[in-house]
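Structural description and commentary
Okay, here's what each chain looks like letter by letter:
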Amino acid sequence: MSATPKKDSPSVYLAKNMLFSAVAASVAECCTIPIDASKVRLQTQQTPKGSVPKYTNMLQTIFKIASEEGVGKLYAGLTPGVHRQFVNCSIRFGCYESVRDAIQGPSAPGSSVPFFTKVAASATTGIIAICFANPFDVAKVRTQSLTQMAAEKPELMPKGAMDVYRSIYINEGIAGFYRGVQPNMIRNVMVNVGEMATYDQIKEMFLKFTSIPDSILLHFLCGTTAGFFATLIASPADVVKSRLMASPDEFKGIGDCAMRTLQNEGPLAFYKGFVPNFTVLVHGPVYFSSSESSSATNTSTSELDYLL
């Protein structure tokens with residue numbers, strides 16, 4: 001008779017969750033960075049009412065970047081992007097269950113967790129995560145912005161991630177790494193609530209009211225639905241965040257950026273890049289499936305939360 005596997009301590013379980021989350025999200029970032037590049041171009045493109053934009057949609061933007069600047073430019077910002085995802089998702093996803101249990105106490109497998117508890121846990125991990133990840137986000141968006149400007153001024157092309165980090169620190173100080181942190185926190189909370197709490201809730205409803213088994217298909221359906229809701233509520237903050245991070249001297253702050261965007265381009269400007277934003281956020285199914293595969297190799301961890 002085989003011995004019962006030793007159960008991990010809470011600290012070891014948390015560390016494993018954080019590591020699985022960070023690695024899975026980093027892999028997803030490597031797959032989706034060209035889509036993210038198109039999202040940033042669309043979001044930072046300022047098109048006053050009546051003007052014709054250079055970039056019109058995700059596919060057109062990707063092909064235009066590749067044809068005019070080279071395929072490699074679609075991967076600009078990959079290194080700080082991976083840094084961001086590693087830090088951000090290790091906290092957002094990896095700490096979610098621990099924070100949730102800290103709010104209401106541990107829940108038994110298969111038991112239902114109140115939706116507002118999920119929202120509170122998601123919002124908490126979202127805010128904490130961005131406090132650590134914002135510097136990497138600034139570097140990623142700045143790299144993508146400089147890459148666009150380098151098409152006309154090659155001297156602006158950064159030599160690498162460390163060059164971008166150094167430039168931000170020298171020219172803007174520590175505060176430069178936290179440019180756009182307010183809309184980024186709002187966005188991260190909205191994404192976390194949309195992705196995490198909604199995913200969790202939708203999965204419970206599918207399992208309860210349909211005959212779909214707990215499988216990759218269910219993960220994909222739940223992840224896609226959660227990704228849509230996350231994009232819908234987070235897109236305005238994401239546009240403001242991208243514009244603040246890309247242009248350190250153009251806007252005075254979150255209010256100035258939001259008002260000028262609204263006045264000059266109208267309310268739909270806050271949903272620029274919606275499709276690539278949605279496509280990137282829907283790497284949730286990739287993350288959840290990857291996390292489950294990683295968790296499956298750990299005999300003392302049955303699932304990463306009941307998100308899987």
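Residues numbered from 1 in each chain as written. Predicted model: local features only at pLDDT ≥ 70, side-chain atom pairs only at ≥ 80, totals over all residues. Heavy atoms only, no water.

With that settled, the discussion passes to the overall build of the protein chain. Counting secondary structure elements, the protein chain contains 11 helices and zero strands. Reading the protein chain from its N end, one meets helices and strands in the order α-α-α-α-α-α-α-α-α-α-α. In the protein chain, buried positions account for 51% of the 308 residues. Across the protein chain, contacts joining residues at least 24 apart in sequence account for 78% of those joining residues at least 6 apart. Summed over all atoms, the accessible surface of the protein chain reaches about 14200 Å², with 67% contributed by carbon and sulfur. (Helix = DSSP H or I, 4+ residues; strand = E, 2+ residues; numbered from the N terminus. Buried < 20%, exposed > 50% of the residue type's maximum accessible area, 1.4 Å probe, protein only. Contact = heavy atoms within 4.5 Å. Areas by Shrake-Rupley, 256 points an atom, 1.4 Å probe, with all protein chains shown as cover.)

What follows is about a nonpolar patch on the surface. A cluster of nonpolar side chains, Phe228, Phe229, Leu232, Ile233 and Tyr271, forms an exposed patch at the surface whose accessible area comes to about 420 Å². Locating Leu232 in the fold gives a position in helix H8 (residues 216–246). (Patch = residues over 30% accessible without salt bridge, like charges linked within 9 Å, V, L, I, M, F, W, Y side chains within 5 Å. Salt bridge = Lys/Arg side-chain N within 4 Å of Asp/Glu carboxyl O.)

Inspection of every chain in the model, using the stated rule, returns five aromatic pairs. Aromatic pair Phe228 and Phe278: ring centres 6.2 Å apart, planes at 80°, arrangement edge-to-face. Of the two residues, Phe228 sits in helix H8 while Phe278 sits in helix H10 (residues 274–281), which places them 50 residues apart along the sequence. Seen in terms of ring centroids, Tyr271 and Phe274 are 6.2 Å apart; in terms of plane orientation they differ by 45°. Their pairing is tilted. Residue placement shows Arg92 over the ring face of Phe93; its charged tip is 4.8 Å from the ring centre. (Phe/Tyr/Trp six-rings, centres within 6.5 Å; stacked < 30°, edge-to-face > 60°. Lys NZ or Arg CZ within 6 Å of the ring centre and 35° of its normal.)

One finds Val40, Val138, Ala139, Val141, Ala161, Val164, Tyr165, Ile168, Phe177, Met245 and Ala246 forming the largest nonpolar core, which totals 11 residues. At the level of secondary structure, the elements contributing two or more residues to this core comprise helix H5 (115–149), helix H6 (161–172) and H8. Here this core takes four residues from H6, the largest share from any one element. Beyond its immediate stretch of four places on either side in the chain, Phe177 contacts Asn134, Pro135, Val138, Tyr165, Ile168 and Tyr169. (Core = buried A, V, L, I, M, F, W, Y, C linked by side-chain atoms within 4.5 Å.)

Take helix H1 (residues 10–44) next. Counted at 1.5 Å a residue, the expected span for H1 with its 35 residues is 51 Å, but the 43 Å between its end C-alpha atoms falls short. A maximum bend of about 60° is found in H1 at Thr32, where proline Pro34 lies one to four positions downstream. (Expected span 1.5 Å × (residues − 1). Bend = angle between axes of the 7 residues up to and from the residue.)

Between its terminal C-alpha atoms H6 stretches 16 Å, which fits the 16 Å expected from 12 residues at 1.5 Å a residue. Of the surrounding secondary structure, the elements contacted by the buried residues of H6 are helix H3 (78–92) and H5. The first or second residue beyond H6 is Gly173, which carries a positive phi of 75°.

Looking now at the pattern of salt bridges. Enumeration according to the criterion identifies 18 salt bridges in this entry. A salt bridge links Glu69 to Arg41, with the shortest nitrogen-to-oxygen separation between them at 2.9 Å. You can see Glu69 sitting in helix H2 (residues 58–69) and its partner Arg41 sitting in helix H1, a full 28 residues away along the chain. Judged by relative accessible area, Glu69 falls into the buried class, the value being 15%. The residue Asp238 makes a salt bridge to Lys241 at a minimum N-O spacing of 3.4 Å. With a gap of three residues between them, Asp238 and Lys241 both fall in helix H8, about one helical turn apart. Owing to a relative accessible area of 0%, Asp238 belongs among the buried residues under this scheme. Of the residues examined, Lys241 reaches a relative accessible area of 2% and is grouped as buried. A cluster of three or more residues bridged by salt bridges with shared partners is formed by Asp36, Lys39, Arg84, Asp137, Lys140, Arg187, Asp238 and Lys241.

It is worth spelling out the packing of H5 against H8 at this point. H8 packs onto H5 with a crossing angle of 75° between their chain directions and a minimal axis gap of 8 Å. Taken together, the axis directions place H5 and H8 in an arrangement best described as roughly perpendicular. Within the contact between the two elements, H5 uses Asn134, Asp137, Val138, Val141, Arg142 and Ser145 and H8 uses Lys241, Ser242, Met245 and Ala246. (Axes fitted to C-alpha atoms, helices over the stretch in contact; angles between N-to-C directions. Parallel < 35°, antiparallel > 145°, perpendicular 65-115°, else oblique.)

Once that is clear, we can look at the environment of Phe116. Mapped onto the elements of the fold, Phe116 is located in helix H5. In the structure, Phe116 is positioned 77 residues away from Val193 in sequence and 9.9 Å away in space, judged by C-alpha atoms.

Another point: the confidence of the model for the protein chain. Summary statistics for the protein chain give a mean pLDDT of 84 and a share of 88% for residues scoring 70 or more. The weakest mean pLDDT in the protein chain belongs to helix H11 (residues 284–296) at 48; the strongest belongs to H2 at 95. Scored below 50 in pLDDT, residues 292–308 shows 53 contacts in the model against residues more than four places distant or in partner chains. (pLDDT = per-residue confidence, 0-100.)

Turning our attention to the packing of helix H4 (residues 96–104) against H5. Contact pair H4 / H5: the axes reach a minimum separation of 9 Å and the direction vectors enclose 130°. When the axis of H4 is compared with that of H5, the two are oblique. In terms of crossing hand, the pair formed by H4 and H5 is right-handed. Of the residues in H5, those in contact with Tyr96, Val99, Arg100, Ile103 and Gln104 of H4 are Thr117, Lys118, Ala120, Ala121, Ser122, Thr124 and Thr125. (Left-handed = near helix turned anticlockwise from the far one by under 90°.)

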